[in-house]
Amino acid sequence: MQYLAVRGGKPLRGSIPIHGAKNSVLPLLAATLLTPERCVITGCPEISDATAATEILRHLGCTVEWRGASVIVDASQASGNAIPSELMGKMRASVTFLGAMLSRFGWGRLSAPGGCRLGVRPINYHVAALEALGVKWDGESEDWRCRWEARFGGEVTLPFPSVGATENLLLASVSVPGVVTVHNAAREPEITDLCGFLSAMGAEISGAGTADLIIRGGKPLHGAVWHVMPDRMETASYLAMAAACGGDVALTQTDPMLLIPVLDALRSAGCRIETTGKTIRLLRDRPLRAIGTVSTAPYPGFPTDAQAPLMAAMLLAEGETRLIETVFSDRFSHVPELRKFGGAIETDGNCAIVTGVRRLTAASAEATDLRGGMAAVIAALCAEGESRIYGLDLIGRGYAQWIDYLGLLGADVSLQEE
Ligand code: UD1
């Protein structure tokens, strides 16, 4: 079995460019299905979730070609097929292909999506919202069959600003000959990126980045070229890592404006953070201090995806940090793994209380999910002795070149087989 050997305790130094956002590239790739004309998505991260999305496109009859970091999609021959559970099960974002299939073929057939285990992850908001626009559902979660009974516009209010449901609504609504208004829509920057691409394809969407989206659908969409926005979560993870290990790390090709709550949290922990244009530099040359209470929330709040990396960074911070998870029902599966390094963490419902310790010691830990896996890597990088991290495939789902990046920053890591 493969594992990452990590000899911890070294400060990190260096500069790395941030990749295109995982959570953006997946719906962007789904959107390429909406037109028979060629689309080019540039700045695609080489992660297994992006590969899984291109496999779904191929399965649906598209020609897909990777040229460096660009993906060229020709959906002119897309014929529509049921998406089998092997492909659906690889990631949660596969569910956004439903909105794209409904738009392009008028029907969609797929099974329940996979993705990280973060508690219950139903798609009831997607179902109710699409039904309000005339979509009929049939079948069980192993084999959903959906089709438009009639495509009509209307107003939809989401019970929670779900990222995936907002993306599905956007992808489906651009084909509706009428006006669709979505209230309580997700405001995540990745939604804005998707709206930008759809608009570049000829869609008429207003309100991107706000809680109220208006889609005037029914216009034929054409091919377009789009550059994926920078990955906020990759940026947040390397910032948490640099804070935990100390040193001087610069992240380039990112967007500091999208990370304000993360930068605020790390500043209050005693890190010096300088931002210039697309670069964030983090310096830490004194001990970390605890940061009080941080609650996760939909954008523009503190991102749930940065909760586990921040928790790992707080293991050695003097004092008590309370991390409250409000987005997912069970997002603390990394806690038992972080305790293996000597982390002092108590949980009480959706609150994790981290009391900083003086030292962490090497351990063998498992990536329990994508971000939790990176949290375990961060703990290992601060621990004395040689740690082992298993479950590397989960980390590769969302972090491109991450082992090379650790080396570039001066971490002492190597891939091993046992
Ligand atoms: C997306 C991101 C994920 C991020 C999350 C929240 C992608 C590929 N993934 O996931 O990294 O952590 O947003 O920012 O973009 N819910 C329901 N019913 C639904 C839909 C959602 O109850 O029909 C609940 C979920 O269980 C969860 C909450 O709403 O508790 C938020 O989910 P959602 O915003 O939909 O997250 P995803 O789109 O799955």
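Our subject is the structure that appears above.
A few words on the packing of helix α4 (residues 96-105) against helix α6 (residues 163-173). Taken N-terminus to C-terminus, the directions of α4 and α6 make an angle of 10°; their axes are 7 Å apart at the nearest point. Accordingly, the angle class assigned to the pair α4 and α6 is roughly parallel. Taken together, the residues of α6 that come into contact with α4 (itself represented by Thr96, Leu98, Gly99, Ala100 and Ser103) are Gly164, Glu167, Asn168, Leu171 and Ala172.

Glancing now at the sheet that holds strand β10 (residues 179-183). Across the sheet, 4 strands lie side by side as β9-β10-β12-β11; this open sheet has mixed pairing. Each having just a single partner strand, β9 (154-157) and β11 (204-206) make up the two edges of the open sheet. Mean inter-strand twist for the sheet, computed between neighbouring axes without regard to direction, equals 15°. The sheet contact formed by β9 and β10 spans 4 bridges and is parallel. Of the residues in β10, the one forming a bridge with Gly154 is Val180. With respect to the sheet, α6 is in contact with β9, β10, β11 and β12 (213-216), its orientation differing from that of β12 by roughly 20°.

We now examine the pattern of salt bridges. In the structure shown here, the tally under the stated rule is 18 salt bridges. Among the ionic pairs, Arg359 bridges to Glu384, the shortest N-O distance being 2.7 Å. Separated by 25 residues along the polypeptide, Arg359 in the loop between β20 (351-355) and β21 (364-366) and Glu384 in the loop between α12 (370-382) and β22 (386-390) bring together distant segments of the chain. Under the relative-accessibility criterion, Arg359 is labelled partly exposed at 47%. Looking at Glu384, the relative accessible area reads 42%, which means it is partly exposed. Its salt-bridge partner being Glu418, residue Arg388 comes within 2.9 Å of it at the nearest N-O pair. Of this pair, Arg388 sits in strand β22 while Glu418 is found in the segment after β23 (412-417), placing the two residues 30 residues apart along the sequence. One network of salt bridges, with partners in common, ties together Asp248, Arg272, Glu274 and Arg281.

Another aspect to go through is the sheet that holds strand β15 (residues 272-276). With respect to topology, 4 strands assemble into an open sheet ordered β2-β14-β16-β15, the strand pairing being mixed. Whereas interior strands pair on both sides, the edge strands pair on one side only; in this sheet they are β2 (12-17) and β15. Across the sheet, the axes of successive neighbouring strands diverge by a mean angle of 10°, strand direction being ignored. One ladder, built from 5 bridges, connects strand β14 (residues 247-252) with strand β16 (residues 279-284); its direction is antiparallel. Opposite Asp248, over in β16, you have Leu283 as the bridge partner. The strands that helix α8 (residues 232-245) touches are β2, β14 and β16; relative to β16, the one it contacts most, it runs at about 20°.

Surveying the vicinity of the ligand reveals 20 residues, the closest of which are Asn124, Tyr125, Ser162, Asp305 and Val327. The separation between an oxygen atom of the ligand and a polar side-chain atom of Asn23 is 3.0 Å. Side-chain polar atom of Asn124 to a nitrogen atom of the ligand: 2.7 Å apart, as the coordinates give it. For the ligand, whose accessible area on its own is 740 Å², the fraction buried by protein is 89%. If you list the elements that add at least two residues to the shell around the ligand, you get α5 (124-131) and α6. A total of 3 residues in the shell around the ligand trace back to one element, the largest contributor, which is α5. A breakdown of the residues in the shell around the ligand according to their chemical character gives 9 nonpolar, 6 polar and 5 charged.

Cut-offs used in this document
- Residues numbered from 1 in each chain as written.
- Predicted model: local features only at pLDDT ≥ 70, side-chain atom pairs only at ≥ 80, totals over all residues.
- Heavy atoms only, no water.
- Axes fitted to C-alpha atoms, helices over the stretch in contact; angles between N-to-C directions.
- Helix = DSSP H or I, 4+ residues; strand = E, 2+ residues; numbered from the N terminus.
- Parallel < 35°, antiparallel > 145°, perpendicular 65-115°, else oblique.
- Contact = heavy atoms within 4.5 Å.
- Pairing = 2+ DSSP bridges.
- Salt bridge = Lys/Arg side-chain N within 4 Å of Asp/Glu carboxyl O.
- Buried < 20%, exposed > 50% of the residue type's maximum accessible area, 1.4 Å probe, protein only.
- Near = heavy atom within 4 Å.
- Polar contact = N/O pair within 3.5 Å; in protein donor to acceptor, adjacent residues only side chain to side chain.
- Areas by Shrake-Rupley, 256 points an atom, 1.4 Å probe, with all protein chains shown as cover.
- Nonpolar A, V, L, I, M, F, W, Y, C, P; charged D, E, K, R; others polar.

Structural measurements only, silent on function.
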